[in-house]
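Examination of the molecular architecture
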Amino acid sequence: AGAAPVICSYAELNRRANALAARLQSVGVGPEKRVALCMERSPEMVVAIVGVLKAGGAYIPLDPAAPRERLERILTDAQPLACLALSAEGKQFAGLPIIGLEDTPDVSETPEVCSDVRGDNLAYIIYTSGSTGAPKGVMLQHSGLVNLVEAQIAAFDVTPEDRVYQFASYTFDASLSVIFIALTSGAALHISRQDVVLSPENLTRALRQERITNITLPPTLLRMMDPAALPDLRVLISAGDACTPD
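Below, the structure is looked at part by part. For clarity, every value in this text was computed on a predicted model and none was experimentally measured. (Residues numbered from 1 in each chain as written. Predicted model: local features only at pLDDT ≥ 70, side-chain atom pairs only at ≥ 80, totals over all residues. Heavy atoms only, no water.)

1. Points about the overall build of the protein
Rule in force here: Secondary structure elements are taken from DSSP: a helix is a run of H or I of four residues or more, a strand is a run of E of two residues or more, and numbering for both begins at the N terminus. This radius of gyration counts C-alpha atoms alone. The globule rule is 2.2 Å times how many residues there are, raised to the power 0.38. Per-residue accessibility, obtained with a 1.4 Å probe over protein chains only, is compared with the maximum for each type, and a residue is labelled buried under 20%, exposed over 50%, and partly exposed between these values. Contacts are assigned to residue pairs that have any heavy atoms within 4.5 Å of one another. We get accessible surface area from the Shrake-Rupley algorithm with a probe of 1.4 Å; when it comes to residues, only the shown protein chains can shield them.
Helices and strands together make up the secondary structure of the protein, namely eight helices and 11 strands. In terms of overall dimensions, the protein is globule-like: its C-alpha atoms have a radius of gyration of 18 Å, near the 18 Å expected for 246 residues. The proportion of buried residues among the 246 residues of the protein is 45%. Within the protein, residue pairs in contact and separated by at least 24 positions form 63% of the contacts whose partners lie at least 6 positions apart. Only carbon and sulfur atoms are counted for the fraction: they give 54% of the accessible area of the protein, which is about 12,600 Å².

Set out below in C-alpha cells:
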C-alpha cells in the first residue's frame, strides 16, 4: 500500500538473470554446485532463482527472518559456494562470501548464458521446518521440476493472459510451481510484500487491484476471504491442509 509496483518484463528478467548467471559461473557455479539465497519476496528474488538455474547450479532458499542458528545449520549441511542477497555490504555469512544483487553489472545487452546442466542435475534444496529436531534438505532435480510445472500448467489451465499470484514463501516448494507455471506459460507473476500476504484485507485488496486470475491459498486464509470481492479470479487452488465444507 502506498508504494508504486515494480514492473519487470520478460526481456528485463532474462537480461538480469543472464548477467547474474555469468557472474556466478565466474566464481565456479555450475551443475551440482549450490548457491544460497537469503532475501525477502521481491522481483529480485525471481532474478536470483532464474540466475542460479541459468548458471547450471542449484539454489537453497533461506528466510532472512529465521534464527541465525537455523540458517547456519542449513549452510553447514548444504555447503553452498556463496550466498546471494540484495546487498553484500562486504560481509560474510557463516564463512560464505555474499554476492549482492545490486553489484551485478546492469548492462543493456547480456549474452545468453549456457551451462552443461542436465535433467538429472540438482535444481534446488528446500529445508523442512525441522519438527523432528533438525531441518532436513529435500533435493529436486531439473527433470522433476519440469514434469511438475508442465502437469500443473495443463491442470490449472494457465495461459499468457493470466495473472498468477505468488502467495507461498520461496522457502516452501509450493512457491516453485507458482513461479514457474507463470514464467514458462508467459503469464504475469505477481509478488506482494510480506505484510500484504499476512492480512486477509490487504491480500483481498491486492488481488482485486491487480486483477489476479490464478492463486493457491491455504484453507485457513481462504475461509476469511469474500469471493464476491474477487471478480477476476478464475482458478483457485487450495493446498496445505484439508478443506472443511464451508
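Resuming the write-up.
2. A short note on helix α5 (residues 174-183)
Helical periodicity: at 3.6 residues per turn, an α-helix aligns residues three or four positions apart in one direction. Among the 10 residues of α5, nine are classified as buried, and the element is accordingly described as predominantly covered. Along α5, the residues classified as buried are Ser-175, Leu-176, Ser-177, Val-178, Ile-179, Phe-180, Ile-181, Ala-182 and Leu-183.

3. Re helix α2 (residues 43-54)
The following threshold applies: Multiply 1.5 Å by the residue count of a helix minus one, and that product is the helix's expected span.
Taking 1.5 Å per residue, 12 residues should reach 16 Å; α2 reaches 17 Å between its end C-alpha atoms and fits that length. Taking burial as the measure, the 12 residues of α2 include 10 buried ones, the bulk of the element. Residues of α2 that are buried: Met-45, Val-46, Val-47, Ala-48, Ile-49, Val-50, Gly-51, Val-52, Leu-53 and Lys-54. A positive phi of about 100 degrees marks Gly-56, the residue just after α2.

4. Observations concerning the packing of helix α1 (residues 10-26) against α2
Note the cut-off: Every angle, taken between N-to-C directions, lies between 0 and 180 degrees, and every axis is a line fitted to C-alpha atoms, over only the stretch in contact when it is a helix. When describing relative orientation, an angle under 35 degrees is termed roughly parallel and one over 145 degrees roughly antiparallel, while 65 to 115 degrees is termed roughly perpendicular and anything else oblique. Each crossing is labelled by how the near helix is turned from the far one, with a counterclockwise turn of less than a right angle marking it left-handed and a clockwise turn marking it right-handed. Residue polarity follows a fixed list, in which Ala, Val, Leu, Ile, Met, Phe, Trp, Tyr, Cys and Pro are nonpolar, Asp, Glu, Lys and Arg are charged, and the others, Gly among them, are polar.
Their axes nearest at 8 Å, the elements α1 and α2 cross at an angle of 55 degrees. By the angle class used here, α1 and α2 are oblique. In the packing of α1 onto α2, the handedness of the crossing is right-handed. Mapping the contact onto sequence places Leu-13, Asn-14, Arg-16, Ala-17, Asn-18, Leu-20, Ala-21, Leu-24 and Gln-25 in α1 and Glu-44, Val-46, Val-47, Ala-48, Val-50, Gly-51, Val-52 and Lys-54 in α2. Partitioning the contact of α1 with α2 into residue classes produces 10 nonpolar, four polar and three charged.

5. A closer look at the packing of aromatic side chains
We apply this condition: Pairing of aromatic rings covers Phe, Tyr and the six-membered ring of Trp, with a centre-to-centre limit of 6.5 Å; geometry is then stacked below 30 degrees between planes, edge-to-face above 60, and tilted otherwise.
Counted according to the given criterion, the structure contains one aromatic pair. Residues Tyr-59 and Tyr-124 carry aromatic rings whose centres are separated by 5.9 Å and whose planes lie at 45 degrees to one another, so their mutual orientation is tilted. Here the residue Tyr-59 occupies a position in strand β2 (residues 58-62), and Tyr-124 occupies one in strand β6 (residues 122-127), the gap between them amounting to 65 residues. The pair formed by Tyr-59 and Tyr-124 is uniform in burial state, with each residue classed as buried.

6. Observations concerning the packing of α2 against α5
One can describe the packing of α2 onto α5 by two numbers: an axis separation of 12 Å at closest approach and a directional angle of 80 degrees. It follows that α2 is roughly perpendicular to α5 by the angle criterion. Here Met-45, Val-46, Ile-49, Val-50 and Leu-53 of α2 lie close against α5, whose contacting residues are Ile-179, Phe-180 and Leu-183. Residue composition of the contact of α2 with α5, grouped by class: eight nonpolar, no polar and no charged.

7. Thoughts on the nonpolar core
The line we're drawing: Take the buried Ala, Val, Leu, Ile, Met, Phe, Trp, Tyr and Cys residues and link them wherever side-chain atoms come within 4.5 Å; each set so joined is a nonpolar core.
Counting residues in each nonpolar core, the largest one holds 44 residues, and the members touching the most others are Leu-24, Leu-37, Ile-49, Tyr-59, Leu-84 and Phe-180. Mapped onto this core, the elements with two or more residues apiece are α1, β1 (34-38), α2, β3 (82-85), β6, α4 (142-156), α5 and β11 (235-238). The biggest single contributor to this core is α2, with eight residues. With residues up to four places along the chain from it excluded, the contact list for Tyr-59 reads Val-35, Leu-37, Ile-49, Val-52, Leu-53, Ala-123, Tyr-124, Ile-125 and Leu-176.

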